[in-house]
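# Per-entry structural report
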Amino acid sequence: MAASNRESESSSRTASACPLDCPDACSLEVSVEGGRVVSIGGSRVNPVTEGYICAKVRRFPEHVYGPDRVRFPQIRSGKKGDARFRRATWNEALDLIAGRMRQLVSRGQGDRILPFSYGGSNGYLSQDTTDARLFSRLGASRLARTVCAAPSGAAADGLYGKMPGVAFQDYVHARLIVLWGVNPSVSGIHLVPYILEARRRGARLVVIDPRRTRLAAQADVHLPVRPGSDVAVALALHRWLFENGAADAAFLAEHATGVEEFRRRAAFWTFARAAEVSGVFAGDLERFARLYAETAPAVVRCGWGLERNRNGGSAVAAVLALPAVAGKFGVRGGGYTMSNSKAFDLDALSAARADAWTTREVNMNRLGGALLGEDGGRVELLFVYNSNPAATIPDQGKVLRGLSREDLFTVVFDPVLTDTARYADVVLPAATFLEREELSRGYGALVLQRARPAAEPVGESRPNYEVFADLCRRVGVARDGDPETAEELTRSILDASREGRAIEARLSQGAAAFPGGNPAPVQFVDLFPRTPGAKVRLVPEELDAEAPEGLYGFRPDPASAAFPLALISPATDRTISSTLGDLHRGPVPLEIHPQDARRRGISDGDAVRVFNERGEVLCRARSNATLSVGVVLLPKGLWRHATENRATATALAPDSLTDIGGGACFNDARVEVERRGP
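This section reports on the structure supplied with the text. Everything numeric in this text was worked out from a predicted model, so none of it was measured.

## Things to note about the overall build of the protein
- Scanning the protein from terminus to terminus reveals 24 helices and 26 strands.
- Taken over C-alpha atoms, the radius of gyration comes to 25 Å for the protein, in line with the 26 Å a tight globule of 678 residues would show.
- Along the first, second and third principal axes, the C-alpha atoms of the protein reach 70 × 65 × 60 Å.
- Among the 678 residues that make up the protein, the fraction classed as buried is 62%.

Shown next as structure tokens:
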């Protein structure tokens with residue numbers, strides 16, 4: 001009995017919330033024994049979660065306690081890239097980093113420090129608080145976080161001021177659901193039950209994706225468009241709406257600007273022209289147009305797949321314009337969903353107390369060039385956190401050459417030994433979201449949650465906000481009154497919000513908070529564009545000036561006779577961006593359509609070389625008839641151990657930028673595939 005009592009005392013179930021890079025923001029129930037997480041399940045605090053979570057997060061304890069976990073600070077003792085380190089204390093490691101920072105600032109070269117991070121844990125506390133304070137006060141270079149969502153964010157902001165979208169719960173009310181460039185079956189699974197329920201109620205489904213995904217196989221219309229052609233397809237739909245009396249003239253007159261100019265730009269795109277560049281049948285385009293025009297409520301779930309090319313921002317803008325032109329707003333289940341990241345009136349920078357930051361800006365998609373001095377400025381100190389650029393940033397070969405510079409001082413602050421950490425001079429152990437406090441919101445689900453630590457930190461790992469506050473003190477830029485602890489930072493963020501008190505009241509009860517207290521607002525009833533005059537701006541001037549061909553311009557496919565195949569790298573059910581890539585062991589094949597494989601004499605399991613002018617990936621081939629002909633696939637988020645030559649899809653991706661937003665053009669990689677020896 002005594003032993004049983006001791007066991008119960010060391011076991012507990014703790015409420016938590018997943019802040020990882022996924023739209024759903026699941027609420028969690030974490031089982032802990034002896035201070036260690038033993039299992040993770042879903043809870044119903046977030047109404048969208050409905051008590052279940054993805055298999056990826058269920059495996060998270062393997063990530064927390066796996067062999068790649070960084071358990072204490074380390075300092076390089078071998079060649080860069082070899083991952084040979086000696087153990088150090090926190091004081092030794094932070095003093096070394098702070099000393100390097102002070103040296104650069106004393107020489108007037110603070111801008112040679114480059115902080116490099118992306119979403120990572122995506123919480124309000126773990127990014128843009130004490131880290132922004134440190135780097136702004138040092139006068140470090142600024143980072144344009146553009147590897148994902150920059151073109152779509154620019155388009156959504158330009159047209160609607162990032163108006164929040166249709167709540168997932170309201171998809172059951174739609175009679176037509178359009179999934180464009182998104183695959184919720186593997187990234188955002190909690191939308192799927194609402195789609196299936198809508199289907200049971202008689203809703204039609206249209207999927208636009210170069211692959212026949214699980215939902216595409218069930219769809220009424222599947223358009224397997226060529227990567228980069230989405231803008232042509234969307235504009236052809238608009239042309240048909242205008243020319244066939246299906247545009248809502250009354251809505252546009254009252255709620256939109258730039259209507260005639262937008263109509264003029266769409267006029268070129270007949271179904272025949274769009275079919276020619278997209279590879280789909282003109283008849284299927286017309287069928288889609290009629291369905292969309294004649295069905296209400298109709299909702300478009302716009303994803304991020306269509307932004308990852310040279311025409312990406314214009315494509316997203318054209319898709320988001322559809323409910324305005326066709327008059328689909330103003331009813332429950334009608335409109336669009338993109339990112340709801342700005343649904344809450346919260347800003348982590350309010351807690352940063354950052355100085356005015358006007359130093360040079362480095363686009364993260366061109367990290368390799370920045371490290372090699374191609375932009376005229378030489379990075380001397382690179383500080384990587386919440387990111388793994390050696391695996392995720394375009395032109396991988398150039399990034400690795402930059403990371404290999406012996407005179408580049410690199411710090412990597414991460415829970416696990418990533419591909420990037422192998423090139424570090426100092427590796428710092430970061431606490432995972434289960435080991436620290438966090439305030440996080442969904443960018444699909446309209447929900448905000450606060451999570452307390454569920455488990456003891458592994459080894460000497462520490463939270464981001466704590467370490468950057470410590471560095472502020474060591475380099476001499478800390479000031480009296482700076483919020484530093486999780487409690488102080490949360491208070492500062494909430495105090496700066498109009499909704500702060502209401503949010504705090506909900507969170508203090510262990511409940512989720514909703515923007516404006518409404519878990520399912522309706523566009524153009526409860527929500528309106530956050531633009532001048534609350535108008536939909538169909539041709540925003542600033543975006544039109546930024547795009548090389550003007551907004552909605554079309555740049556042709558970069559394929560050539562030498563490199564005819566389009567390489568795509570979509571999300572899978574194995575990783576969240578590159579998080580959990582450490583668990584994805586074993587070789588990963590290149591997926592290729594059987595017709596493309598036969599033309600090249602390739603059979604399943606053959607050793608192949610995927611290559612272009614930037615590099616090559618050596619792997620095995622796997623036939624996949626769900627791909628479009630002319631499209632090959634290597635998954636997003638792979639770590640370098642997943643292929644035979646330690647190169648991933650990013651080795652073949654150009655560091656060119658999207659038309660607006662400076663985004664990554666991963667899906668503009670054009671390659672050839674050839675069979676190797678046995």
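Text resumes after the structure shown.
## What to know about the sheet that holds strand β9 (residues 204-208)
- Spatially, the five strands line up as an open sheet ordered β10-β9-β8-β12-β13, and their pairing is parallel. Both outer strands of the open sheet, β10 (221-223) and β13 (335-337), are each paired with one neighbouring strand and no more. Across this sheet, the average inter-strand angle for adjacent strands is 15°, counted without regard to direction.
- Of the strand pairs in this sheet, β9 and β10 are connected by three bridges, and their pairing is parallel. Each bridged residue has a counterpart across the sheet, and for Ile 208 the counterpart in β10 is Leu 223.
- Helix-sheet contacts for helix α9 (residues 230-243) involve β8 (176-180), β9 and β10, and the interaxial angle to β8 is about 150°.

## Brief notes about the packing of aromatic side chains
- A complete count under the given rule lists 24 aromatic pairs for this structure.
- With centroids separated by 5.1 Å and ring planes inclined at 70°, the aromatic side chains of Phe 251 and Phe 524 adopt a geometry described as edge-to-face. Taken together, the residues Phe 251 in helix α10 (residues 249-255) and Phe 524 in the loop between α22 (500-508) and β20 (536-537) connect sequence positions 273 residues apart.
- Given a relative accessible area of 11%, Phe 524 falls into the buried group.
- Where Phe 383 meets Tyr 385, the ring centres are 6.0 Å apart and the plane angle is 80°; that geometry is what we call edge-to-face. Note on accessibility: Phe 383 and Tyr 385 belong to one class, buried.
- An aromatic cluster is present here, built from Tyr 160, Phe 251, Phe 329, Tyr 336, Phe 524 and Phe 528 joined pairwise through their rings.
- Stacked on the ring of Phe 72, the Lys or Arg Arg 87 has its end atom at 4.1 Å from the ring centre.
- Lying across the ring of Phe 611, Arg 609 places its NZ or CZ 3.9 Å from the centre.

## Some details on the sheet that holds strand β16 (residues 409-414)
- Spatial strand order, β5-β4-β17-β16-β15-β6: six strands in an open sheet with mixed pairing. Looking at the sheet topology across the chains shown, the edges are occupied by β5 (85-87) and β6 (113-116). Averaged over all adjacent pairs, the angle separating strand axes in this sheet is 20°, with direction ignored.
- Alignment of strand β4 (residues 74-76) against strand β17 (residues 426-429), held across two bridges, turns out to be antiparallel. Looking across to β17, one finds that Gln 74 is bridged to Val 427.

## Considerations on the side chain of Ser 185
- Mapped onto the elements, Ser 185 comes out in the loop between β8 and α7 (192-200).
- Residues in contact with Ser 185, not counting those within four places in the same chain, are Val 192, Arg 214 and Leu 215.

## Observations concerning empty space enclosed by the protein
- Inspection of every chain in the model, using the stated rule, returns five cavities of 30 Å³ or more.
- The computed volume of the largest cavity comes to approximately 730 Å³.
- Taken together, 45 residues form the lining of the largest cavity, with Ser 387, Ile 576, Ser 577, Ser 578 and Thr 579 sitting closest to its centre.

## Some words on unusual backbone geometry
- Here Ala 296 and Pro 297 are connected by a cis peptide whose omega angle stands at -10°.
- Looking at the secondary structure, you find Pro 297 in the loop between α13 (282-294) and β12 (298-302).
- Located in the positive-phi region is Ser 577, a residue other than glycine, with phi close to 55°.
- Considering the arrangement of structural elements, one finds Ser 577 in the loop between β21 (565-568) and β22 (590-592).

## Focus: the pairing of β17
- Burial of the side chains of β17 extends over both faces: Val 426 and Leu 428 are buried on one face and Val 427 and Pro 429 on the other.
- Strand direction decides the pairing type here: β16 and β17, joined by four bridges, are parallel. Paired with Val 411 across the strands is Val 426, a residue of β17.

## A look at the packing of helix α6 (residues 150-160) against helix α14 (residues 312-320)
- Running from N to C, α6 and α14 point in directions that differ by 40°, and their axes come no closer than 8 Å. One way to sum up the angle between α6 and α14 is to call them oblique. Of the two elements, α6 crosses α14, and the hand of that crossing is right-handed. Contacts between α6 and α14 involve Pro 151, Ser 152, Ala 155, Ala 156, Leu 159 and Tyr 160 on the former and, on the latter, Gly 312, Gly 313, Val 316, Ala 317 and Leu 320.
- Looking at side-chain class alone, the contact of α6 with α14 contains eight nonpolar, three polar and no charged residues.

## What to know about the environment of Arg 452
- Secondary-structure assignment places Arg 452 in the loop between β19 (448-451) and α20 (464-475).
- Taking relative accessible area as the criterion, Arg 452 reaches 40% and is therefore assigned partly exposed.
- With 15 residues separating them in the primary sequence, Arg 452 and Glu 437 have C-alpha atoms 4.6 Å apart.
- Every residue in contact with Arg 452, bar those within four places of it in the chain, is listed here: Arg 436, Glu 437 and Glu 487.

Conventions used here
- Residues numbered from 1 in each chain as written.
- Predicted model: local features only at pLDDT ≥ 70, side-chain atom pairs only at ≥ 80, totals over all residues.
- Heavy atoms only, no water.
- Helix = DSSP H or I, 4+ residues; strand = E, 2+ residues; numbered from the N terminus.
- Rg over C-alpha atoms; globule rule 2.2 N^0.38 Å.
- Buried < 20%, exposed > 50% of the residue type's maximum accessible area, 1.4 Å probe, protein only.
- Pairing = 2+ DSSP bridges.
- Axes fitted to C-alpha atoms, helices over the stretch in contact; angles between N-to-C directions.
- Contact = heavy atoms within 4.5 Å.
- Phe/Tyr/Trp six-rings, centres within 6.5 Å; stacked < 30°, edge-to-face > 60°.
- Lys NZ or Arg CZ within 6 Å of the ring centre and 35° of its normal.
- 1 Å grid on protein atoms, 1.4 Å probe; cavity = no way out; pocket = protein on both sides within 12 Å on 5 of 7 lines; lining within 4 Å.
- Points joined across faces, edges and corners; volume = space filled by probe spheres on them.
- Parallel < 35°, antiparallel > 145°, perpendicular 65-115°, else oblique.
- Left-handed = near helix turned anticlockwise from the far one by under 90°.
- Nonpolar A, V, L, I, M, F, W, Y, C, P; charged D, E, K, R; others polar.

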